[in-house]
Amino acid sequence: MTTITDTNSDRWWTVQRGAGPIIATAIHDGHGLRPDVASAMKLSEADRLREEDPFTGQAVVDVPTHIIAHRSRFEFDLNRGVDGAVYETPDQAWGLDVWQAPPAKTLVDHSLAVHAAYYRMLGHLLDDIGGDHDRFVLVDVHSYNHRRDGPDGAPTDPDKAPDINIGTFSMPRQDWAFLIDPLIEAMRGFDFNGRRLDVRENVAFEGKGEQTRFVHARYPGRGCAIALEFKKFFMDEWTGIPDESDLQAMRAFINHVATTGARLLG
C-alpha cells in the first residue's frame, strides 16, 4: 500500500497568494498529526487515509492563490463548525472508533485553537482579495469514496455518484447562476484523458461544509464558494495508490475551472 506521511507535525497549512479573483483550497488533503493526537489515536493509518482526500492538494497548485492543509481531518476538520471539528464519537466519524479513550479536553482545545486560527487566516486572505476584486470565487476541492463495501465490493451506483459533484447548498444560487451554469458546462466539456466527466450538482453531496458557509455568510453578494468533489476514480481508495495520469488531468481540470471562473467574473 502507498503510505502518505507528513513527518513535519509542525505544519498546519500552506498558503500561496497570487493574482486574480479565484482561490482554490484542499482542506482535507492533510495526513499529518501532532504527537499527542497520534499517540491517543486508535484508528489505523490506512483507515484514516481512506476518509481523507489525498492528492487534492496537488490538484490546486496551478491556481495562483491556493491553500493546502497538512493536518489530518481526524485532528481537526476544517470543514466542520466548532461543535463538530474534533470527532469525539464514532457517529461523527462514519462509525469509526477514532480514539483509544475519550480525547482529553486539552487535546480537543488545542485542536480547536488551530481550527480557529485557520478561519482567522482565511478571513484575512479573503478580505485582501476582496480589496482587489469586486467579486471572487473560492473553489473548495474534495474527494469522496464510492467503494464502501470493500476492495472487492461493487461501487456505488453511478446514478448516485457522479465523477464530479458540485455542492451549492449554502450559496444564493440565483445570484450566482451567471457563473455556476456556464462553469458546470465548461467542466463537462473538459477533455479528461480522452473522456468527458459526469458533472452534476448536489447529488452525492450538497456543499454543506463550514468553509462554503463561512464565505457566503461573511461576503454576501461578493464571495462565491463552490464545493467540488472528485469521486475517487483517480485512485484505489483501499490501497491509496493513484493513477498518475489522472492526477495530472485533475491538476489541469482545476486550472481550467479557475481560468474559466476568472473569465466569467469579468
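The model shown is predicted, which means the values in this text are computed figures rather than measured ones.

1. Focus on the packing of aromatic side chains
In total, this model carries 16 aromatic pairs according to the counting rule given. Taken together, a centroid distance of 5.3 Å and an interplanar angle of 90 degrees make the contact between F74 and Y87 edge-to-face. Within this pair, whereas F74 is found in the loop between β3 (65-69) and α4 (105-132), its partner Y87 is found in the loop between β3 and α4, the two being separated by 13 residues in sequence. Each member of the pair, F74 as well as Y87, is classed as buried.

2. Structural notes on the confidence of the model for the protein chain
Per-residue confidence for the protein chain gives a mean pLDDT of 95; residues scoring 70 or more make up 97%. Low confidence marks residues 1-7, where pLDDT is under 50. Its contacts with residues over four positions away, or in another chain, come to 19 contacts.

3. So, the pattern of salt bridges
In the structure shown here, the tally under the stated rule is 22 salt bridges. Across the pair E52 and R48 runs a salt bridge whose closest N-O atoms are separated by 3.3 Å. Take R48: its relative accessible area is 7%, and that puts it in the buried class.

4. Some points on the layout of surface pockets
In this structure, the largest pocket occupies an estimated 520 Å³ of space. Lining the largest pocket are 30 residues, and of these R73, N79, W94, F205 and E229 sit closest to its centre. Listing elements by their share of the lining of the largest pocket, those giving two or more residues are α2 (45-51), β4 (136-144), β5 (164-167) and β7 (223-231). Per-element tally for the lining of the largest pocket: the top contributor is β4, with four residues. Each residue belonging to the lining of the largest pocket can be placed in one class, and the counts come to six nonpolar, 10 polar and 14 charged.

Thresholds applied
Residues numbered from 1 in each chain as written. Predicted model: local features only at pLDDT ≥ 70, side-chain atom pairs only at ≥ 80, totals over all residues. Heavy atoms only, no water. Phe/Tyr/Trp six-rings, centres within 6.5 Å; stacked < 30°, edge-to-face > 60°. Helix = DSSP H or I, 4+ residues; strand = E, 2+ residues; numbered from the N terminus. Buried < 20%, exposed > 50% of the residue type's maximum accessible area, 1.4 Å probe, protein only. pLDDT = per-residue confidence, 0-100. Contact = heavy atoms within 4.5 Å. Salt bridge = Lys/Arg side-chain N within 4 Å of Asp/Glu carboxyl O. 1 Å grid on protein atoms, 1.4 Å probe; cavity = no way out; pocket = protein on both sides within 12 Å on 5 of 7 lines; lining within 4 Å. Points joined across faces, edges and corners; volume = space filled by probe spheres on them. Nonpolar A, V, L, I, M, F, W, Y, C, P; charged D, E, K, R; others polar.

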